[in-house]
Protein chains: 2
Amino acid sequence: MDNRIRVGIVGYGNLGKGVELALKQNPDFILKGIFTRRDVSSLDTDSKVIHISEILDYKDDIDVMILCGGSANDLPEQGPMLAAHFNTVDSYDNHNNIPQYFDSVNKAASKANKVSLISVGWDPGLFSLARLLFESVLPDGENYTFWGKGVSQGHSDAIRRIEGVKAAVQYTIPSEEAIERIRAGDNPKLEATERHTRVCYVVPYDMNDRDRIEKEIKSMPNYFLGYDTTVHFISEEEFIKNHTKMPHGGWVIRTGTSENNNKQRMEFSLSLESNPEFTSSVLVAFARAVNRIAQEGKKGAFTVFDIPFAYLSPRSGEELRKELL
Amino acid sequence: MDNRIRVGIVGYGNLGKGVELALKQNPDFILKGIFTRRDVSSLDTDSKVIHISEILDYKDDIDVMILCGGSANDLPEQGPMLAAHFNTVDSYDNHNNIPQYFDSVNKAASKANKVSLISVGWDPGLFSLARLLFESVLPDGENYTFWGKGVSQGHSDAIRRIEGVKAAVQYTIPSEEAIERIRAGDNPKLEATERHTRVCYVVPYDMNDRDRIEKEIKSMPNYFLGYDTTVHFISEEEFIKNHTKMPHGGWVIRTGTSENNNKQRMEFSLSLESNPEFTSSVLVAFARAVNRIAQEGKKGAFTVFDIPFAYLSPRSGEELRKELL
């Protein structure tokens, strides 16, 4: 009998492609299909591709649907809609709107006796778990989250909207100095502008526009104004050669003080050559947990905070206790 | 109505004292008593002290008993015995014997409809959680655990047994070079002797014995032979001034490779001025989880792998989603 967990992928951007790849490293899963809004013949993949309009025909063939749409436009609609028919996992990452999103998915999933795990990835996701663990163990202290070195899609887009810019990428870089102060246990108050610097690589149409472009970047409110920002102008060749990957990473750090005044530091960090492929790997591990809690008869919306780590692994509790504890 | 979690501490060594301190930072707990085998008047504490022979009189007054005895002699006996009457949490840390210990505690707790959470601390404990998370997210990779810089009680004791040694402490120090190789994604095969170096501070009765003592240390099988070992001879004053704290720490590192050949690195690390106080802080956070799963009607033995992180926090799920996710 085939006991593999039957999954579907909804959406075939960077994240959906990453999930397709990650599933190959996890033989306890079987990919039943990729659901897309696009013309099914346009997807470059060996997996089965199904138009999203037919998704409800697969209600009995999928244990967990992995939602790989974006948080701005896709998930607010798709999340609750699909939670009414499938167990789901998604990477909804609009921090401010998580409570509302949780409520709408929870309502749909509860009514349908399904399980939906929302906001899975690394932030929100693994970094959230670190923040929760750290403050629970060391109540007297402060959490700090740093992102980078990594590409910020939003900042890169903002530069590309400036006139005369052909291509651009922006790296967010955590301040080493700020990290060292926190490690020393100072518990400093630090603005976002003090925690990160910004480095931009820009391909201009005309090298004569460099001064104007640099000025426009550095004076852009919310995005760059107030930040230590460096702008490098480079050729298109160099851009393609060195700046088309999607690395990212970051730290969660807490220095706490014991009642006896001893300093205790906890750190969790990631260094990723591919940001979307890592988020995908996290989604797949948590899809395993979704299948398990659904089998236990639970229903409604859940977050990473509700999942015991044993549920992330294909190994038995006995094996985990023997080999990893 | 007083909703605080009522706890008892069994054993008043470094760990029991640490738990007493940690509880002061967690106002949702109330310490009902410290249980000891010693003369109750001999304990230097403001808390209520009760002789362990009376412990069963407190069956209805304690929600969770925090077991602070040692793994060599105390817990193998106390663990199952107390699991038959109380919900318990302990820091049993003899990795090889965890499966047997789990079975004996599980039998007692299941029969009594109680919950026992075993092997809570940082290794086993938080490091085990990191190992499990890391391998679940990045199946194609390797886990590495490093301990230190920190005092190894076992190695310090071994030195103190050498003739002519008045006082001694041994620090286990992780090899920076090994850590950098792993971070680079080499997935090297490394023996324990290559991952750690050992630095000893020794107070001899007679400075003329230095050569012999150093030779005896460096040739001690299992403990020092094969390791890069440095021995410093110091005065008793310096020893008392600089070497009586119990710092520790370490890393769990995994570099994995995505199916697309991108390197992804995850790290969890601790840097602790007081090792026993940190283990105590972890025990208290997990005692909260024990109380909660006991209230849910669960029974038997559990490990950190079975605990959702939400259960470690006094905050509501709603608050956690809003503020930490």
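Below: a short report on this structure. (Residues numbered from 1 in each chain as written. Chains lettered and ligands numbered in written order. Predicted model: local features only at pLDDT ≥ 70, side-chain atom pairs only at ≥ 80, totals over all residues. Heavy atoms only, no water.)

1. Side note on the side chain of B:Gln78
Residue and element names in this part refer to chain B. Along the chain, the position of Gln 78 falls in helix 2 (residues 75–83). On the basis of relative accessibility, which here comes to 10%, the residue Gln 78 falls in the buried class. In this structure, Gln 78 is in contact with Val 10, Arg 37, Ile 52, Leu 67 and Ala 83, ignoring residues within four places of it in sequence. (Helix = DSSP H or I, 4+ residues; strand = E, 2+ residues; numbered from the N terminus. Buried < 20%, exposed > 50% of the residue type's maximum accessible area, 1.4 Å probe, protein only. Contact = heavy atoms within 4.5 Å.)

2. Overview of the packing of aromatic side chains
Counted by the stated rule, this structure contains 13 aromatic pairs over all chains. Their ring planes at 75° and their centres at 5.4 Å tell us that B:Phe35 and B:Tyr58 sit as a pair that is edge-to-face. Residue B:Phe35 is found in strand 2 (residues 29–36), and its partner B:Tyr58 is found in the loop between strand 3 (49–51) and strand 4 (64–67); the two are separated by 23 residues along the sequence. By the burial criterion, B:Phe35 is buried, and B:Tyr58 matches it. For the ring pair B:Phe127 and B:Phe268, a centre distance of 5.8 Å and an interplane angle of 80° mean the geometry is edge-to-face. Highlighted residues: B:Phe127 in helix 4 (residues 126–137) and B:Phe268 in strand 13 (residues 263–272), separated in sequence by 141 residues. For B:Phe127, a relative accessible area of 0% gives the class buried. Its relative accessible area of 5% is what places B:Phe268 among the buried residues. An aromatic cluster of at least three residues, connected via ring pairs, comprises A:Trp122, A:Phe127, A:Phe268 and B:Phe134. (Phe/Tyr/Trp six-rings, centres within 6.5 Å; stacked < 30°, edge-to-face > 60°.)

3. Some words on the sheet that holds strand 8 (residues 150–151) of chain B
Residues and elements named next belong to chain B. Spatial ordering of the open sheet is given by 8-9-10-11, a layout of four strands whose pairing is mixed. The two strands at the open ends of the sheet, each matched to only one other strand, are strand 8 and strand 11 (228–233). Bridge count between strand 9 (residues 165–174) and strand 10 (residues 196–204): nine bridges; the pairing is antiparallel. Pairing of Val 169 across the sheet is with Tyr 201, part of strand 10. This element, helix 5 (residues 153–160), spans strand 8, strand 9 and strand 10 of the sheet and lies at about 145° to strand 9. Against the sheet, helix 8 (residues 210–218) touches strand 9, strand 10 and strand 11, its axis set at about 150° to strand 11. (Pairing = 2+ DSSP bridges. Axes fitted to C-alpha atoms, helices over the stretch in contact; angles between N-to-C directions.)

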